[in-house]
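The lines below spell out each chain.
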Amino acid sequence: MYDVAVIGAGSSGCAIARELSRYKLAVCVIDRESDVCEGTTKANSAIVHAGFDAVTGSLKARLNVRGSTMMPELSRKLDFAYKQNGALVLCFDKEQTAGLEELCERGRRNGVEGVRIITGDEARELEPALTDEVVAALYAPTSGIVCPFEMTLAFAENALANGAEFRLSTCVNGIDKTDGGYTLRTSSGDIQTRVVVNAAGVYADKLHAMVSAEPMKITPRRGEYMLLDKEAGGLVTHTVFQQPTRMGKGILVTPTVHGNLLLGPTAEDIDDKENTATTRSGTAEVRAKAQLSVKGIPFGKVITGFTGLRAVGDTHDFIIRECSDAKGFIDCAGIESPGLTSAPAIGEYVRDIVTGILSPEKKPDFIDERRGIVHFAALTEEERNELIKRDPAYGTVVCRCETVTEGEIRDAIDRPLGAVTLDGVKRRTRAGMGRCQAGFCSPTTIALIAEKLGIGLLDVKKNGVYEKEAADNA
Amino acid sequence: MREFDLVIIGGGPAGMAAAIAAKKQGIDDLVIFERGDELGGILNQCIHNGFGLHTFKEELTGPEYAERYSDQVKELGIPYELGTMVLDMTEDKQISIISRSRGAETVKAKAVVLAMGCRERPRGALGIAGFRPQGVYTAGTAQKLVNCEGVIPGKEVVILGSGDIGLIMARRMTLEGAKVRAVVELMPYSSGLKRNIVQCLDDYGIPLMLSHTVIDIKGKRRLEGVWVAAVDEKNTPIKGTEEYFPCDTLLLSCGLIPENELSKSAGIELSPLTSGPTVDESLETNIEGVFACGNVLHVHDLVDFVSEEAVRAGENAAEYIKGKPSSTGVPVAVKPADGVRYTVPSRLYAESAADSVHIRFRVTGVFKNSAIVVSCGERELFRKRGRIFVPSEMQDIIIKKDKLSELDGDIEVRIEEAAK
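Computed from a predicted structure; not experimentally measured.

So, on to the state of the cysteines. Residues and elements named next belong to chain B. A complete count under the given rule lists zero disulfides over all chains for this structure. Looking at the unpaired Cys148, the closest cysteine sulfur is the one in Cys46, lying at 8.8 Å. For Cys148, a relative accessible area of 38% puts it in the partly exposed group. We note that Cys247 lacks a disulfide partner, and the nearest cysteine sulfur, in Cys254, lies 14 Å from it. Taking relative accessible area as the criterion, Cys247 reaches 4% and is therefore assigned buried.

Now for the domain arrangement of chain A. Often the size quoted for an interface is simply the accessible area lost on bringing the parts together. Residues and elements named next belong to chain A. Its domain assignment divides chain A into domain 1 (2–41 + 149–218 + 315–358), domain 2 (87–141 + 219–312) and domain 3 (376–459). One C-alpha centre belongs to domain 1, the other to domain 2; they are set 31 Å apart. Contacts between the two partners involve 13 residues from domain 1, matched on the other side by 10 residues from domain 2. Between domain 1 and domain 2 the total buried area reaches about 1000 Å² when both faces are included, carbon and sulfur atoms providing 50% of it. When the buried surface of domain 1 facing domain 2 is broken down by residue, Val202, Ile218 and Glu336 rank first, second and third, together holding 47% of it. For the pair domain 1 and domain 2, the interface holds two salt bridges. A salt bridge links Asp205 to Lys273; the nearest nitrogen and oxygen atoms lie 3.1 Å apart.

The subject of this paragraph is the pattern of salt bridges. Applying the stated criterion across every chain yields a total of 66 salt bridges over all chains. Between A:Arg22 and A:Glu19 there is a salt bridge whose closest N-O contact spans 2.8 Å. With a closest N to O distance of 2.9 Å, B:Arg383 and B:Glu416 form a salt bridge. With a gap of 33 residues between them, B:Arg383 in strand 25 (residues 379–389) and B:Glu416 in strand 27 (residues 411–416) connect regions that are remote in the sequence. Assessed through its relative accessible area of 37%, B:Arg383 is described here as partly exposed. Look at B:Glu416 and you get partly exposed, because its relative accessible area is 30%. Salt bridges here are not isolated pairs; linked through shared partners, they connect A:Asp229, A:Glu231, A:Lys301, A:Arg400, A:Arg435, B:Arg35, B:Arg119, B:Glu259, B:Glu261 and B:Lys264.

Residue and element names in this part refer to chain B. Spatially, the three strands line up as an open sheet ordered 21-23-26, and their pairing is antiparallel. In the strand order of this sheet, the two ends are held by strand 21 (340–344) and strand 26 (395–400), each with one partner. For this sheet, the mean inter-axis angle between neighbouring strands, taken without regard to orientation, is 30°. Pairing of strand 21 with strand 23 (residues 356–363), which is carried by four bridges, proceeds in the antiparallel orientation. Pairing of Val340 across the sheet is with Val363, part of strand 23.

Cut-offs used in this document
- As a convention, each chain's residues are numbered from 1 in the sequence order in which they are written.
- Numbering of ligands from 1 and lettering of chains from A proceed in the order in which they are written.
- Where totals are concerned, whole chains, interfaces and linings use all residues; where local detail is concerned, this predicted model gives features only for residues with pLDDT of at least 70, and gives and counts side-chain atom pairs only at 80 or more.
- As a rule here, side-chain values cover all heavy atoms of the structure and leave hydrogens and water aside.
- To count as a disulfide, a pair of cysteine sulfur atoms needs to be within 2.5 Å.
- For every residue, the accessible area obtained with a 1.4 Å probe (protein chains only) is divided by the maximum for its type, and the residue is called buried under 20%, exposed over 50%, and partly exposed between those limits.
- Domain boundaries shown here were taken from an automatic or database domain assignment.
- It only takes one pair of heavy atoms within 4.5 Å for two residues to be counted as in contact.
- Reported buried area values correspond to the accessible surface (1.4 Å probe) lost by two parts on association, with both partners' losses combined.
- We define a salt bridge as a contact between a side-chain nitrogen of Lys or Arg and a carboxyl oxygen of Asp or Glu at a distance within 4 Å.
- Comment: elements are numbered from the N terminus, with helices defined as DSSP H or I runs of at least four residues and strands as E runs of at least two.
- Note on pairing: DSSP must find at least two bridges between two strands before they are called paired.
- Helix axes use the C-alpha atoms of the stretch in contact, all axes being lines fitted to C-alpha atoms, and the angles between their N-to-C directions lie in the range 0 to 180 degrees.

Here it is as structure tokens:
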């Protein structure tokens, strides 16, 4: 019997688990995939939004600004990549500068520090690659970029270190109310819990409907992206948004925290919660719109494209509350943008709801720091030498594009909650994330995973173990 | 800090041949840095035959060809350090390396030969729409898995791109019991060698679909199939021609890219046409004493040409170390013109050139009964007729030095088509 079962090991679920692990609570995190960070969290813009977008007074606005404020210290404590690079929202039409003013005013009301309007020329001074069509811009210096994989893994590993359990490759197929809480019917047996947190991303409505009659609909909003080689990463230093126009919502151009250039996303509401395919039209749209903002994007340097699904709720705000008709069942749903930014604040917010129900005691020995995997490429020669002396595996480079050593890959596989798939290794170490896209390193990485798991090379999966057919038949 | 007269980066066919040539010219203070666990580079996974026809007048497998050179490296006592990755190089030839045995260190070289080879163009760079499931590999990765690791990635295969590795892998997968449904090529001609099309596709009844491409990839976790369509002359898929191929494996053989991240870190100028360094006729880059050869310079189709080129790079590096002044005089540009995609070299010092100068290039399309013409202004320096020139075959022409006296402008290489 758990005190709390968190369904969904994305950024929200893992942040919640970490906050709950501060208390004397039996917490488990359940996910259908074989790894954390496999849903919406793994395919998004990786932006720490300043907080000027959300409607003042909304939960989104509150949690966004709080999350953004928490991020610098958290990134140091939990050792994940984060950088405050500032953002610009571009306006291309003199008649629309009023909209920009409004956005700026909203930012101030939401408590975002330092937002101001600048002229097109001032914007080009900050970002020389901006197009001549830019007439004004909103400048938000507190906007940042983060590695969503590292952040989520950091929450998860820290929660684990503080006693939370992770039950991965476990799909929740049904939920029954019991006297003391709930029984989750999963693909790997029943799980009893007093409280349930529903952080299941695009599937949150399905889980909600298992216990509640309140209507809820989560629509997957598909967003396609293009990722460019690090060579193109310096084209802009700020995150460059476009002011929404009558032509629709714009797309962004941003450096990533690891130095690539990211373009996207498109926005298309779909029914299929699994449809993460890229399309020709999506790619074309990203190309066309990105060029409205920035000159000279080297499209020949695209190294991959991907599609993410945002979990869009029908209330246009985050839905985070205990169900009125299902006590002890807490929805954490509709976590669309700025969900990633808000994750740390969502963790606190849900923690407060849960502690309100269970009134647990605090742990005296909560560990609030976590060390990530060494980033060999960023070390000095001296540090590298020391590391190789300690463990010669750091002397073999497996991924040549990102300079990732065997030592880092072994750490990613060996550490608690370690990687069991190629993508898992990639998210933890960046091996395979570079310009050759795992062409050279994958045979070695496969061999290292196979060795650890004691399985054949061909049994090593690229990503999660969840099989849709199995769930449908269950 | 260790110092060497000559550091050779890469112990594949180019690096080995360059090292042997330099050693034979009396350079004893040299070293090969190889990131793999043995010498030979990519040849070690090329277990098919057909290597060495030019060099040794016999048909060898890749590992056999490599062994001819690694044996010489060992016999000549040329030092080589395996499992050694070069991470960085500066303009003044300081080279940062790491290895398990020696850790991280920086060494210094008087001269450097770049011989890092190339990599395959990945799926992401091709922009194919669809899911990103397990079962999509570049042909070379699949070749490594099959030939070195002993595992067959799938049973039903479609191959996109008709580069040589793709063709070779069509045959390999067939021999290993897989069904290769088709090789799909965007261009109206194959980018692989004719002999490979005959021996790897025709002999096994594997269809080559020219002017076709993969437009969609199905299967979220595991590849289930691909949609293939014909393309028009602008390479746009033609509606109504779509055909679905169920398959569990998609191999990509869509081009090779010289691997020059290291060169860039040293400030070496790269050619947008080859993605390799720009070099003069001695294969010297814009940085004095840094030479390049093999697939890091431009992508070759035959290893024999790699070895030959590397010998010249090694010899020229030796000359440089021995104090021969670098190229003298004023260079002229060597430029690709009609029908020619690039040239190596891209600049030429006629005054200090050796007795004969190689110009290597590829044509932009299929040319029948045409001529290769090299000219300087109105003056024709070279002419050679040919029955057919195709993009898959690198052209290698040799111009005698006496033809190159008193050049008064750029040299142009072009294909002169037969009058129609």
